[in-house]
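Observations on the three-dimensional arrangement
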Amino acid sequence: MRAMRWWFLLLIILGVGMGGCQRSSAQSAPAGITVTVDPVPPRVGEPATVTIILRDAQGNPVNVSDLRVVGSMTHAGMKPVVAKAREISPGRYVATLEFTMGGDWFIVVQGVLPDGEPFEHTVDIPGVEAKERRAEP
Ligand SMILES: [Cu+2]
């Protein structure tokens, strides 16, 4: 079980071959977007922290507006969960997302770039754990 955890480590950098992950007409995210989700894997009943780091092609922080995270499951018929992200330092944002069912999810990070253009970026979140777990002693 523990060995399976590595693939939850989500380090998705746009611009190194991940351009195919868009699912709408919104333009792509800034040159560098890193999305991490904690804990690994997320668990139902324990709000997960989604950290989003945005950088331009020169590595400078990108400040966006209206940043939010929309979580959906890969099967039909589930209501998405939505969380607003807040800026904690330049180019770094945090959202708290509640996964409502165990299984495979994906999150869409949506925001508005400094030039007013919307963007979005999708990250798969497989294997959300169904049950809340006590902290290990
Ligand atoms: Cu579901």
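To be clear, the structure that these remarks concern was listed above.
A brief look at the structure comes next. Small disclaimer: the values here were computed from a predicted structure and weren't measured.

Only Met 73 (SD), His 75 (NE2), Met 78 (SD) and Met 101 (SD) from the protein coordinate the copper ion, and they sit 2.1 to 2.6 Å from it. Taken together, the four donor atoms coordinating the copper ion and their angles of 91 to 122° define a geometry best described as tetrahedral. Using a relative accessible area of 36% as the deciding quantity, one classes His 75 as partly exposed.

Before going further, it helps to spend a moment on the nonpolar core. Side chains that are nonpolar tend, in soluble globular proteins, to be buried together. Core analysis: the biggest nonpolar cluster contains 28 residues, and Val 50, Ile 52 and Ile 107 have the highest contact counts within it. Of all elements in the fold, only strand S1 (32–38), strand S2 (48–55), strand S3 (65–73), strand S4 (81–84), strand S6 (92–97), strand S7 (103–112) and strand S8 (118–128) reach the threshold of two or more residues within this core. Beyond its immediate chain neighbours, meaning those up to four positions away, Val 50 contacts Val 35, Thr 36, Val 37, Val 69, Tyr 93, Val 94, Ala 95, Leu 97 and Ile 107.

The next thing to look at is the sheet that holds S6. What the four strands build is an open sheet, ordered S1-S2-S6-S5; its pairing is antiparallel. Unpaired on one side and paired on the other, S1 and strand S5 (86–89) mark the two borders of the sheet. Strand after strand, the sheet turns through a mean of 25° between neighbouring axes, direction not considered. Direction of pairing for S1 relative to S2: antiparallel, over a ladder of seven bridges. Its bridge partner being in S2, Asp 38 is matched across the sheet by Thr 49.

Reading across the sheet, the four strands line up as S4-S3-S7-S8 and stay open at both edges, with antiparallel pairing between neighbours. In this open sheet, the two strands that pair with only one neighbour each are S4 and S8. Neighbour-to-neighbour, the strand axes of this sheet turn through a mean angle of 20°, independent of strand direction. One ladder, built from seven bridges, connects S3 with S7; its direction is antiparallel. What sits directly across from Ser 65, in S7, is Val 112.

Our focus in this paragraph is the side chain of Arg 43. Of note, Arg 43 is situated in the loop between S1 and S2. With relative accessibility at 11%, the residue Arg 43 sits in the buried group. At 3.0 Å, the side chain of Arg 43 forms a polar contact with the side chain of Glu 46.

Turning our attention to the packing of aromatic side chains. The description of an aromatic ring pair rests on the distance of the ring centres and on the angle between the ring planes. Per the counting criterion, the structure on display carries one aromatic pair. For the pair Phe 99 and Trp 105, a centre-to-centre distance of 5.0 Å together with 85° between the ring planes defines the contact as edge-to-face. Across this residue pair, the class does not change: Phe 99 and Trp 105 are buried.

The next thing to look at is the pattern of salt bridges. Applying the stated criterion across every chain, the model contains one salt bridge. Notably, a salt bridge pairs Arg 43 with Glu 46, separated by 3.0 Å at the nearest N-O pair.

So, about unusual backbone geometry. Note that the residue after Asp 38, namely Pro 39, is joined by a cis bond; omega there is 5°. For the peptide bond that leads from Val 40 to Pro 41, omega is -10°, which places it in the cis range. Take Pro 41: it is sitting in the loop between S1 and S2. Look at Asp 66: it is not a glycine, yet its phi comes out positive at around 50°. By secondary structure assignment, the location of Asp 66 is in strand S3.

Conventions adopted
Residues numbered from 1 in each chain as written. Predicted model: local features only at pLDDT ≥ 70, side-chain atom pairs only at ≥ 80, totals over all residues. Heavy atoms only, no water. Donors = N, O, S within 2.8 Å, 3.2 Å for Na, K, Ca; no water. Tetrahedral: all angles 85-135°; square planar, octahedral: opposite > 155°, others 65-115°. Buried < 20%, exposed > 50% of the residue type's maximum accessible area, 1.4 Å probe, protein only. Core = buried A, V, L, I, M, F, W, Y, C linked by side-chain atoms within 4.5 Å. Helix = DSSP H or I, 4+ residues; strand = E, 2+ residues; numbered from the N terminus. Contact = heavy atoms within 4.5 Å. Pairing = 2+ DSSP bridges. Axes fitted to C-alpha atoms, helices over the stretch in contact; angles between N-to-C directions. Polar contact = N/O pair within 3.5 Å; in protein donor to acceptor, adjacent residues only side chain to side chain. Phe/Tyr/Trp six-rings, centres within 6.5 Å; stacked < 30°, edge-to-face > 60°. Salt bridge = Lys/Arg side-chain N within 4 Å of Asp/Glu carboxyl O.

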